[in-house]
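Each chain is listed here by its residues.
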Amino acid sequence: MRFRHPDGSTVHLAYCTNVHPAETLDGVVAQLRDHCEPVRRRLGRDRLGIGLWLAKDAARALVTDPAALRGLRAELDRRGLEVVTLNGFPYEGFGAEEVKYRVYRPDWTDPERLAHTTDLARLLAALLPDDVTEGTISTLPLAWRTGFDTAAADTAHRALGTLAERLDALEELTGKAIRIALEPEPGCTVETTADAIAPLAAIGSPRIGLCVDTCHLATSFEDPATAFAAITAAGITVPKAQLSAALHAESPHLPGVREALAAFAEPRFLHQTRTRTPDGLLHGTDDLDEAVRPDGPLPATGPWRSHFHVPLHSPPAPPLTSTLPVLREALGHLVGAEPLTRHLEVETYTWQALPPELRPRSRAQLAEGIAAELVLARDLLTDLGLKELP
């Protein structure tokens, strides 16, 4: 979906296909047919943007077979789909029964992360619509925090510097500018937008910026106005933003609230959980099940938020809710009078991890839910003065 910003520029809105995990090229093509095109049809659109997730094997198949890449581009065109952004965070196995900490491997200290992201950049340059000259790729924020020391940081920074040089060369060759966006996430060495400023300054390339995920922003209790003011003051770019909402519990000291939260604890993904105490300190657990234990370590003096991407248009039932208000506020900064980004991606990948009674029971129900999320995002953008384009 495309929008005209009041400044005359085009803002792109997509939804991320990591909600439909596929490890192979055949699986990706099936996603387009079974999921992405039905979402487009429900929206009554001739064209729909998707934030494509290409696992290692799918990406390698496309890089090594130019005919397959041309075929994917043709399939996108035929189904009324376009790609201006890729989700390069998960490497493989995102559809496994247990993902948890595996999603952070390989990290930016591993040469394979550089190789994979280079492949993604080359593919995106070939997949961009003819009238689009800039693409974006979100990636993990260097590494998970444990075992990440100064030497590891230096290695990661060098790898991203090498990537920036490759992206320069790619633009010279193709005329397409590809930018990489580190995505702060709770528990990682770059957990917040504030944590990202020093590493991005150390890398020192306009090719490498920030992906602001509004679920992660809210989970870490970051104030959007403060966060975006600091990003702007530091000269950090925001190539991409992900529109998502976290799970919010206002009164975690109540047994009924703990019980409601416990229904969202599940074995597939990590659901880092955070609270901010009156002294301003952030306290957290790596997963929700640890937080909701009777002897859990989190203080219950204030609200808890959990890294669980809940559907934008359908917050959980009381006594829980979502952090949609944080998304609304953040979006006002992201695409305000002087937009910080022009690539927006709805990223609710947890539909099948919801409590059983809330999960879609068919492809049609999932398509309806994704379409409803995009309608909400569209309405937020038009409320901010953007005009939806055909």
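So, here is what we can say about the structure in this document.

Thresholds, definitions, all that
- Residues numbered from 1 in each chain as written.
- Predicted model: local features only at pLDDT ≥ 70, side-chain atom pairs only at ≥ 80, totals over all residues.
- Heavy atoms only, no water.
- Pairing = 2+ DSSP bridges.
- Helix = DSSP H or I, 4+ residues; strand = E, 2+ residues; numbered from the N terminus.
- Buried < 20%, exposed > 50% of the residue type's maximum accessible area, 1.4 Å probe, protein only.
- Phe/Tyr/Trp six-rings, centres within 6.5 Å; stacked < 30°, edge-to-face > 60°.
- Lys NZ or Arg CZ within 6 Å of the ring centre and 35° of its normal.
- Contact = heavy atoms within 4.5 Å.
- Expected span 1.5 Å × (residues − 1).
- Axes fitted to C-alpha atoms, helices over the stretch in contact; angles between N-to-C directions.
- Core = buried A, V, L, I, M, F, W, Y, C linked by side-chain atoms within 4.5 Å.
- Polar contact = N/O pair within 3.5 Å; in protein donor to acceptor, adjacent residues only side chain to side chain.

## Focus on the pairing of strand β11 (residues 282–285)
A regular strand places its side chains so that they alternate between the two faces of the sheet.
Thought 1: With four bridges connecting them, strand β10 (residues 273–276) and β11 associate as antiparallel partners. Within β11, the residue paired with R274 across the bridge is G284.
Thought 2: Where β10 folds back onto β11 in an antiparallel hairpin, the turn is made up of five residues, including G280, whose phi is positive at roughly 90°.

## Considerations on unusual backbone geometry
Thought 1: Between R105 and P106 the backbone carries a cis peptide bond, its omega angle lying at -10°.
Thought 2: When you line up the elements, P106 lands in the loop between β4 (81–87) and α4 (111–127).
Thought 3: Of note, the bond from P318 into P319 is cis; its omega dihedral lies within 30 degrees of zero at 15°.
Thought 4: Mapped onto the elements, P319 comes out in the loop between β12 (304–310) and β13 (320–322).
Thought 5: Of note, the phi angle at L142 is positive, near 75°, even though the residue is not glycine.
Thought 6: Tracing the backbone through its elements, the reader meets L142 in the loop between β5 (134–139) and α5 (150–174).
Thought 7: Judged by relative accessible area, which is 2%, L142 ranks as buried.
Thought 8: Phi angles above zero are rare outside glycine, and F221 is one such case at about 55°.

## Quick word on the packing of aromatic side chains
Thought 1: Scanning the entire structure with this criterion turns up eight aromatic pairs.
Thought 2: Grouping aromatic residues by their ring pairs yields a cluster made of W53, F94, F269 and Y349.
Thought 3: Just above the ring of F221 sits the side chain of R305; from NZ or CZ to the centre is 4.4 Å.

## Notes on the side chain of D107
Thought 1: The topology assignment puts D107 in the loop between β4 and α4.
Thought 2: Ignoring sequence-local partners within four residues, the contact set of D107 consists of R113, L140, L142 and A143.

## Here's the deal with α4
Thought 1: Under the 1.5 Å per step criterion, the end-to-end length of α4 is 25 Å for 17 residues, consistent within 8% with the ideal 24 Å.
Thought 2: Burial within α4 is extensive, with 12 of its 17 residues counted as buried.
Thought 3: Listed as buried for α4 are R113, L114, H116, T117, T118, D119, L120, A121, L123, L124, A125 and L127.

## Considerations on the sheet that holds β11
Thought 1: Spatially, the five strands line up as an open sheet ordered β11-β10-β12-β9-β13, and their pairing is antiparallel. For this open sheet the edge positions go to β11 and β13, each flanked by a neighbour on one side alone. Here the average twist between neighbouring strands, direction ignored, is 30°.

## Things to note about the nonpolar core
Thought 1: Formed by 119 residues in total, the largest nonpolar core has its most connected members in L13, Y15 and L374.
Thought 2: Setting aside anything within four residues of it in sequence, one finds Y15 in contact with H20, H35, C36, V39, L48, G49, I50, G51, E345, V346, I370 and L374.

## A word on the side chain of R40
Thought 1: Positionally, R40 belongs in helix α1 (residues 25–43).
Thought 2: In this structure the side chain of R40 is engaged in a polar contact, spanning 2.7 Å, whose partner is the backbone oxygen of R45.
Thought 3: When residues no more than four places from it in sequence are discounted, the contact partners of R40 are R45, D46, R47, L48, R79 and G80.

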